[in-house]
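Reading the structure
Residues per chain are reported as follows:
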Amino acid sequence: MLSRRNFLTAAVGVAAAGGLAACAKEDDSSTGSSSTGGAKTITLGFSQVGSESGWRSANTTSVKDAAKEAGYNLKFSDAQQKQENQISAIRNYIAQKVDVIAFSPVVVTGWDAVLKEAKAAKIPVVLTDRSVETSDDSLYVTLVGSDFTDEGRRAAKILEKVLTKAGHKGAVKIAQLEGTTGAAPAIERAKGFKEIMDAEHKADWKIVVSQTGDFTRAGGKQVMAAFLQSNPDVNVLFAHNDDMAIGAIQAIEAAGKKPGTDILIVSIDGVKDGFVAMSEGKINAIVECNPLLGPQLMDVVKKVKDGETVERWIKTEESDFMQDQAKAALPSRKY
Ligand code: AHR
């Protein structure tokens, strides 16, 4: 179980300004932008990464439901995993003079220009799920999301248990399915995993092949099939998310091998389909990454709008699951 820790704080004082523009794949889950009982309805512009995974679908539902519950005027757009779509959605929100902009950045770099535009328009920006690298920390107020580096470390630690449980002896030849290139969870999960591997398993663990599957099932299947051709002796798969693990399972079975036995599998997320695969013995362990960020996000948005001080990084609480816990946990999984 992860604990919340090392919170930084940031003081914020905010207001709104702007103009007008347009963007593809946008919907407006408006509950009305007028006043309710004297308090002005908060207008939140939210730019989502896309719909690449089960995690993402659950996250989108959580954000939309929580905005409705909070009575916000939500302007939502799906960037279809393209940074240029997110940049134009953010520009659109600036032009529309929304009160707060929130977004889950598809990649970590390349945001300074648009974030400076939001700052100049006095519209506060809240990051959700993923972080960015900026030259100026004042360009966003806070991040609501997971510690991906720690998820990578937890994946390595749970792999130790998986290997012990399987009675594995000898070299550990790992295939790594990376998330979207340049995305915070891909960079940080790989980093956290390697950190433990280098510190504690240098002699016996080796990542023999590693490539992006873009966080999708199709990507996981295609890349795993290629891995099995080039490295037929891999005995462990570390997948940066459940969807890629599920795609990889199809490729492993197509190659005549038994996922969870011939190739031990650790993945990240904990979506229902991941738990189903784990209860069938095809995934050995899952490190949870909680997508239900909507309620926390709405709470932070209100505080930011009201000029309150908020933590610089609001971390998500998560757990880890071994295969023997899957059947019992499955009925109560919320996403
Ligand atoms: O940013 C979170 C990651 O993005 C999830 O692990 C993955 O499934 C999603 O696509």
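Parameters and conventions
Residues numbered from 1 in each chain as written. Predicted model: local features only at pLDDT ≥ 70, side-chain atom pairs only at ≥ 80, totals over all residues. Heavy atoms only, no water. UniProt positions renumbered as here; feature names shortened; annotations may be inferred. Phe/Tyr/Trp six-rings, centres within 6.5 Å; stacked < 30°, edge-to-face > 60°. Helix = DSSP H or I, 4+ residues; strand = E, 2+ residues; numbered from the N terminus. Axes fitted to C-alpha atoms, helices over the stretch in contact; angles between N-to-C directions. Parallel < 35°, antiparallel > 145°, perpendicular 65-115°, else oblique. Contact = heavy atoms within 4.5 Å. Nonpolar A, V, L, I, M, F, W, Y, C, P; charged D, E, K, R; others polar. Buried < 20%, exposed > 50% of the residue type's maximum accessible area, 1.4 Å probe, protein only. Pairing = 2+ DSSP bridges.

- As recorded in an unreviewed UniProt entry, the chain goes by LacI family transcriptional regulator and comes from Streptomyces phaeoluteigriseus.
- Annotation of the chain in UniProt includes, under Sequence similarities (unreviewed entry), the sentence "Belongs to the bacterial solute-binding protein 2 family."
- Regarding the chain, the UniProt comment filed under Subcellular location (unreviewed entry) reads as follows: "Cell envelope".

1. Notes on the packing of aromatic side chains
- In this structure the tally under the stated criterion is 5 aromatic pairs.
- Ring geometry for phenylalanine 46 versus phenylalanine 76: centroids 5.7 Å apart, planes at 15°, classification stacked. One end of the pair, phenylalanine 46, is in strand E5 (residues 43-48); the other, phenylalanine 76, is in strand E6 (residues 73-78), and 30 residues separate them in sequence.
- Within the aromatic cluster, the residues linked to one another by ring pairs are Phe193, Trp205 and Phe238.

2. What about the packing of helix H2 (residues 83-95) against helix H3 (residues 112-120)?
- The contact between H2 and H3 brings their axes to 10 Å, and the two run at 10°. Put simply, H2 runs roughly parallel to H3. Taken together, the residues of H3 that come into contact with H2 (itself represented by Ile87, Ile90, Arg91 and Ile94) are Val114, Glu117 and Ala118.
- Partitioning the contact of H2 with H3 into residue classes produces 5 nonpolar, no polar and 2 charged.

3. Digging into the side chain of threonine 180
- Locating threonine 180 in the fold gives a position in the loop between strand E10 (172-178) and helix H5 (184-200).
- The class of threonine 180 is buried, set by a relative accessible area of 9%.
- Discounting chain neighbours no more than four positions away, the residues touching threonine 180 are Gln81, Ala186, Thr212, Asp214 and Phe215.

4. Observations regarding the pairing of E10
- Where burial is concerned, most of E10 is hidden: 5 out of the 7 residues are buried.
- Taken together, the 7 bridges between E10 and strand E11 (residues 205-212) define a ladder with parallel strand orientation. Across the sheet, isoleucine 174 pairs through a bridge with isoleucine 207, a residue of E11.
- Two strands pair when backbone bridges link them, and E10 and strand E12 (residues 236-239) are joined in this way by 4 bridges, in the parallel orientation. Each residue of the ladder has a partner; that of alanine 175, found in E12, is leucine 237.

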